[in-house]
Amino acid sequence: MPSFSTLAFSFALLAYQCQAARPFLNEPDTGITTFLGTDTPAEASGALMPLDDIIAIPDFEFAARAYMSSANYSYYRTGAAGEFSMPAFTILIPFIVGYKILIGFQAYRSNLETYNKVKLRPRVLRDITGVPYTLNTTILGYNFSAPFFISPAAKAGKANAVAEPSLFATLSINEIAAAKAAGQVTFQQIYVRSKLSSVQTDFDEAEAAGSKAIVWSVDNAWGPTRSRSARWTHSENDYDYLPSTWELYETLKNMTSLPIIPKGIQTVEDALLAVEHGAPAIFISNHGGRQLDTSQSTMEIIMEIYNNAPQVFNQTEVLADCGVRYGTDVLKLLAMGVKAVGMGRPFMYSNIYGADGVARLIDMMKDEIIADAGNLGIANVSEISPAALNLNALQPLIYTMS
Ligand SMILES: Cc1cc2nc3c(=O)[nH]c(=O)nc-3n(C[C@H](O)[C@H](O)[C@H](O)COP(=O)(O)O)c2cc1C
């Protein structure tokens, strides 16, 4: 007769296998395949779906997969290492002492799926008629029309949203400056290259081009393993960088008058160090799951900071990105104290339609945030708090600092 704990363990294993069999949906079914009368668009067919048929933000990825060459789509879509493996999930058997099985996999998928584990707590009978006028926010004192922005993306390209061009964008810092809309605020993303003199050149160009801040990506200590893009012999960027350390952060601060925001903070310890080093803002990101597979999703990192050092959200401005595809994802991060939320791939996919696609994405995300906040009973988006969330499903996964 198997013992109770053996039975419980077998049950847990079965539950694990059932969940593992659940297919990962790259874009959830929002009816697009039925509407178009096609299952999945033939990859790299070159066909461009009419922009008017794009109804939901994930539709842009559906459209991009058909339109782009497989090599280019793979570069955008790739995650690090085992991105085909299981989604993040948890099996918890709290009733068996000592049998707490926590399994979390896969940074790319986990970024997308962890938001679903946070449940919303709608309040009713509240006057939310003014909610459309409450999307405005500030980052580092600059005004923006919405609490989301375009994350930096290498090899990529309106509406008063902050854009953070990558150092490895297809266009140079100066070309991007020339293409800016009047009054558009941009922050310049940089990697610290192998010589300080090159960094100085990047800083000087960013300042001259009118960038308002430097976003220093610090989550790429080593070149990543990216099978999907490597398959297409896509060359990764040059990873010949100076060692990134907090001492280097101090040096960089003396090389520019612009504020420097470290991008890629993923632990409460590093968030605290950033505050100690006077970072005016920190950018929580795991690089869209492209650097270190099985690293924590953004929602988990934000909760780790909130649980262990909530003061961080008052001591510096917290920005965050990764896996944000819905208005509810944005609201969940804002509720935890995040000031503004970035999107990477959705903007890159929408850019296959040029400025019209990007503008449509911005409008769709604004509309979603307004509708979701209204249905959540939030009268003012900037005043959303953790009380809007039920975090119980994620809480057991969150790291506690000793
Ligand atoms: C194709 C691609 C290129 C990227 N290049 C950069 C880069 O040069 N610098 C950087 O800091 N982050 C880069 N990122 C990461 C994004 O800034 C952002 O953190 C990530 O895409 C957010 O996740 P999401 O795509 O799920 O929204 C890149 C992401 C993609 C998809």
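Residues numbered from 1 in each chain as written. Predicted model: local features only at pLDDT ≥ 70, side-chain atom pairs only at ≥ 80, totals over all residues. Heavy atoms only, no water.

In plain terms, the rule: UniProt positions are given in the numbering used here, feature names are shortened, and annotations may be inferred rather than shown by experiment.
Naming follows an unreviewed UniProt entry, where the chain appears as FMN hydroxy acid dehydrogenase domain-containing protein of Coleophoma cylindrospora. The UniProt entry for the chain carries the following text under Cofactor (unreviewed entry): "FMN".

Things to note about the side chain of serine 285
What counts here: Numbering of helices and strands starts at the N terminus; helices are DSSP runs of H or I of at least 4 residues and strands are runs of E of at least 2. Distance and chemistry together define a polar contact, namely a pair of N or O atoms within 3.5 Å, with one atom able to donate a hydrogen and the other to accept it when in protein, and with adjacent residues in sequence counting only for side-chain atoms on both sides. Note on contacts: a residue pair is in contact if any heavy atoms of the two residues lie within 4.5 Å.
Note on placement: serine 285 falls in the loop between strand S8 (281-284) and helix H11 (298-308). Among the polar contacts made by the side chain of serine 285, one reaches the main-chain amide nitrogen of histidine 287 at a distance of 2.9 Å. Only 2.8 Å separates the side chain of serine 285 from the side chain of aspartate 321, close enough to count as a polar contact. Beyond its immediate sequence surroundings of up to four residues, serine 285 is in contact with Asp219, Lys263, Gly264, Ile265, Gln266, Asp321 and Cys322.

Thoughts on the packing of helix H13 (residues 327-335) against helix H15 (residues 355-376)
Here is the rule we go by: Lines are fitted to the C-alpha atoms to define the axes, a helix being fitted only along its stretch in contact, and any angle between axes, read from their N-to-C directions, falls within 0 to 180 degrees. Should the near helix be turned anticlockwise from the far one by less than a right angle, the crossing is termed left-handed; should it be turned clockwise, right-handed. Residues were grouped as follows: Ala, Val, Leu, Ile, Met, Phe, Trp, Tyr, Cys and Pro as nonpolar; Asp, Glu, Lys and Arg as charged; and all remaining residues, including Gly, as polar.
Where H13 meets H15, the axes come as close as 8 Å, and the angle between the chain directions of the two elements is 65°. Crossing of H13 over H15 shows right-handed handedness. Listed contacts from H15 to Gly327, Thr328, Val330 and Leu331 of H13 are Met365, Glu368, Ile369, Asp372, Ala373 and Leu376. Grouping the constituent residues of the contact of H13 with H15 by class yields six nonpolar, two polar and two charged.

Considerations on the nonpolar core
We apply this condition: The set of buried Ala, Val, Leu, Ile, Met, Phe, Trp, Tyr and Cys residues whose side-chain atoms join them within 4.5 Å is what this entry labels a nonpolar core. Only protein chains enter the accessibility calculation, which uses a 1.4 Å probe; a residue is then buried when its area is under 20% of its type maximum, exposed when over 50%, and partly exposed in between.
Judged by nonpolar contacts, the single largest core of 83 residues is most densely connected at Leu252, Ile282, Ile284, Met299, Ile302 and Leu333. For this core, the leading source of residues is H15, giving eight residues. Counting twelve residues, the second-largest nonpolar core is a separate cluster that includes Val185, Ala213, Ala281 and Ala340.

Looking at the pairing of S8
Quick reminder of the rule: Here a strand pair is declared whenever DSSP counts at least two bridges between the two strands. Whether a crossover is right-handed depends on one test, that the path from the first strand over the helix to the second runs clockwise when the strands point away from the viewer.
Alternating positions in S8 separate into two faces, Ala281 and Phe283 on one and Ile282 and Ile284 on the other, with burial throughout. Examined bridge by bridge, strand S7 (residues 260-265) and S8 share two bridges and lie parallel to one another. Bridge pairing links lysine 263 to phenylalanine 283 in S8. Chirality of the crossover, the property in question, places the unit of S7, helix H10 (residues 268-276) and S8 among those that are right-handed. Pairing geometry for S8 and strand S9 (residues 317-321), over four bridges, is parallel. Counted as the bridge partner of isoleucine 282 is valine 318 from S9.

Focus: the UniProt feature "binding site: glyoxylate" (unreviewed entry) in the chain
When the UniProt feature table is mapped onto this chain, "binding site: glyoxylate" (unreviewed entry) is found at Tyr191, Arg226, Lys263, His287 and Arg290. Tracing the backbone shows lysine 263 in strand S7. For lysine 263, the contacting residues outside a window of four places in its chain are Pro152, Val215, Trp216, Ser217, Val218, Asp219, Phe283, Ser285, His287 and Asp321. For arginine 290, the location among the structural elements is in the loop between S8 and H11. Setting aside residues no more than four positions away along its own chain, arginine 290 makes contact with Tyr75, Tyr76, Arg77, Thr78, Gly79, Ala80, Pro224, Arg226 and Arg345. There is a polar contact of 3.1 Å between the side chain of arginine 290 and the backbone oxygen of threonine 78.

Quick notes on helix H3 (residues 59-67)
The element H3 is extensively covered by neighbouring structure, given that eight of its nine residues are classed as buried. For H3, the full list of buried residues reads Asp59, Phe60, Glu61, Phe62, Ala63, Ala64, Arg65 and Ala66.

Topic: H15
The line we're drawing: To estimate the expected span of a helix, count its residues, drop one, and scale the result by 1.5 Å.
Here H15 contains 22 residues, and its C-alpha end-to-end distance of 31 Å stays within 8% of the 32 Å for a straight helix at 1.5 Å per residue. For H15, the set of buried residues is Gly357, Val358, Leu361, Ile362, Met364, Met365, Lys366, Ile369, Ala373, Gly374 and Leu376. In the stretch just after H15, glycine 377 is the one whose phi turns positive, near 80°.

Some details on the sheet that holds S7
For sheets, the rule is that strands pair by backbone hydrogen bonds, running either parallel or antiparallel. Spatially, S4-S10-S9-S8-S7-S6-S5 is the arrangement adopted by the seven strands of the open sheet, whose pairing is parallel. At either margin of the open sheet sits one strand with a lone partner, and together these are strand S4 (148-150) and strand S5 (187-190). Pairs of neighbouring strands in the sheet enclose a mean axial angle of 25°, with direction left out of account. In this structure, S9 lies alongside strand S10 (residues 340-343), joined through three bridges in parallel fashion.

Focus: the packing of H10 against H11
Keep this limit in mind: Convention used here: angles under 35 degrees read as roughly parallel, angles over 145 as roughly antiparallel, angles from 65 to 115 as roughly perpendicular, and any remaining angle as oblique.
Viewed as axis vectors pointing N to C, H10 and H11 meet at an angle of 70°, and their least axial separation amounts to 9 Å. With respect to each other, H10 and H11 are oriented roughly perpendicular. For the element pair H10 and H11, the recorded crossing hand is right-handed. Side by side, H10 and H11 meet where Val268, Glu269 and Ala271 of the first sit next to Glu304, Ile305 and Asn308 of the second. Residue composition of the contact of H10 with H11, by class: three nonpolar, one polar and two charged.

Structural notes on the pairing of S5
Of the two faces of S5, both are covered, the one formed by Phe187 and Gln189 as well as the one formed by Gln188 and Ile190. Alignment of S5 against strand S6 (residues 213-217), held across four bridges, turns out to be parallel. Looking at the pairing, isoleucine 190 lines up with tryptophan 216 of S6. In this fold, the crossover linking S5 to S6 by way of helix H7 (residues 196-208) has right-handed handedness.

Section: the environment of serine 194
Relative to the assigned elements, serine 194 resides in the loop between S5 and H7. Note on serine 194: relative accessible area 33%, which makes it partly exposed. The spatial distance from the C-alpha of serine 194 to the C-alpha of tyrosine 241 is 4.3 Å, given a sequence separation of 47 residues.

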